[in-house]
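Given next are the chains, with one letter for each unit.
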Amino acid sequence: MGLLKVIEWKDDSRDTLVYKYEYNIRKDFISKGSALTVREGQAAIFVTKGKMADVFLPGFYKLDTENIPLLTKLMSWKYGFESPFKDDVYFVNTRQFPNQKWGTQNPIMIRDEEFGPLRVRAFGTYSFRIDDPYVFMTEISGTIKSFQTKDIVDYLRSMVVTGLTDAVGESKIPILDMAANVLEMGQVIEKTLQPDFKSLGLELTKFNFENFSVPEEVEKALDRNAAMGVRRSNIDVELVVGQIEAMKEAAKNPGTAGGMMGAGLGLGFGANMGGQLGNMAEQASKASSKKGIKKCAHCGAQLSENSKFCPECGKPTGSTCPKCKASVAEGAKFCPECGESLRRRCPKCGADIAEGAKFCPECGEKL
């Protein structure tokens, strides 16, 4: 039989949690004089007759009665650790296992104050380590030859999602504020899940959110609201620019200027907007007058484009010959039909009289 001089595990894997030390039980044995090497990030557990005995933390051990008292007691060595034995030795990986993925397989229903009931999905990562090797082997791995992360991550993921659902539902954080509170939410969930991990001999060392997501139709609604919010901040500028453009068009067409102004004011843009539009109306009116609005040839009153009689003096708006009543062009001095002079004369002395004069400049006759 061969004496196992050094018992150790040179871990070269990234996902092994528990490893059973392999040796030839027909040829090799453990006895006084054997040595145990436990590296940093490991723990070693002796198991005899199906019962876990002593747990060894990182260090170098010469196996004797003092180092493994519980095993000595279980083996009933009354006179000390002398006899060879062939018990099982398990190495437990106690380093941190990072970047474990989690995600909500089904949406989480939450009640948002602004949007009402919402279906939310989330995903991220978490990290864990074996905190108590004895409890972990008792509760989870047992005496399996090799136990890896893939053998437990599904179970841990379900624990994480359950804790997440409870924490998010109780937080009452609006969905629009979730992104600003992912760090705080991660800390809350980490604290919530810690007792469950502890009961398995584990420690949840880190919990991270990577993203919250809502249904596509809700995302589109949020995008529309955001776009409207940007436009609302510039609505006054857009309205003023639009009305200025409308006034420019109204100035080009005098007959529609008043209609355009009435329509603009009728939209109810407020007192401030009404004042601005009023100023623009005045400017448009002045511009129109410069372009030659039609006036009464008798009294000078302003006429609409299609009016046939002056609203002030009641006379026909078109110029006519006083003798033959033929239509006469604006500014003509003689009638094109009968040759009658179209100059205004004093009925008393016959002197020429300027348009709009109320008394004759020659004899003073009232006209």
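Residues numbered from 1 in each chain as written. Predicted model: local features only at pLDDT ≥ 70, side-chain atom pairs only at ≥ 80, totals over all residues. Heavy atoms only, no water.

1. Points about helix α3 (residues 153-171)
For step 1, the next point in the chain: Here α3 contains 19 residues, and its C-alpha end-to-end distance of 26 Å stays within 8% of the 27 Å for a straight helix at 1.5 Å per residue.
For step 2, the next point in the chain: Listed as buried for α3 are V153, L156, M159, V160, V161, G163, L164, A167 and V168.
For step 3, the next point in the chain: Residues of α3 that are buried in the fold lie against β10 (97-103), β11 (108-112), β12 (116-130), α4 (182-198) and β14 (202-213). (Helix = DSSP H or I, 4+ residues; strand = E, 2+ residues; numbered from the N terminus. Expected span 1.5 Å × (residues − 1). Buried < 20%, exposed > 50% of the residue type's maximum accessible area, 1.4 Å probe, protein only. Contact = heavy atoms within 4.5 Å.)

2. Considerations on the pattern of salt bridges
For step 1, the next point in the chain: Counted by the stated rule, this structure contains seven salt bridges.
For step 2, the next point in the chain: Its salt-bridge partner being E203, residue R129 comes within 2.8 Å of it at the nearest N-O pair. With R129 in strand β12 and E203 in strand β14, this residue pair connects regions lying 74 residues apart in the sequence.
For step 3, the next point in the chain: R129 sits in the partly exposed class, given a relative accessible area of 23%.
For step 4, the next point in the chain: Residue classification places E203 among the partly exposed positions, given a relative accessible area of 28%. (Salt bridge = Lys/Arg side-chain N within 4 Å of Asp/Glu carboxyl O.)

3. Brief notes about the sheet that holds strand β5 (residues 35-38)
For step 1, the next point in the chain: Read across the sheet, three strands follow the order β2-β5-β8 without closing on themselves; strand pairing throughout is mixed. A strand with exactly one partner marks an edge of an open sheet, and here the two such strands are β2 (6-7) and β8 (59-62).
For step 2, the next point in the chain: Relative to β5, β2 is paired through two bridges, and the arrangement is parallel. Bridge pairing in β5 links V6 to A35. (Pairing = 2+ DSSP bridges.)

So far we have only geometry, and geometry alone does not tell us how the molecule works.
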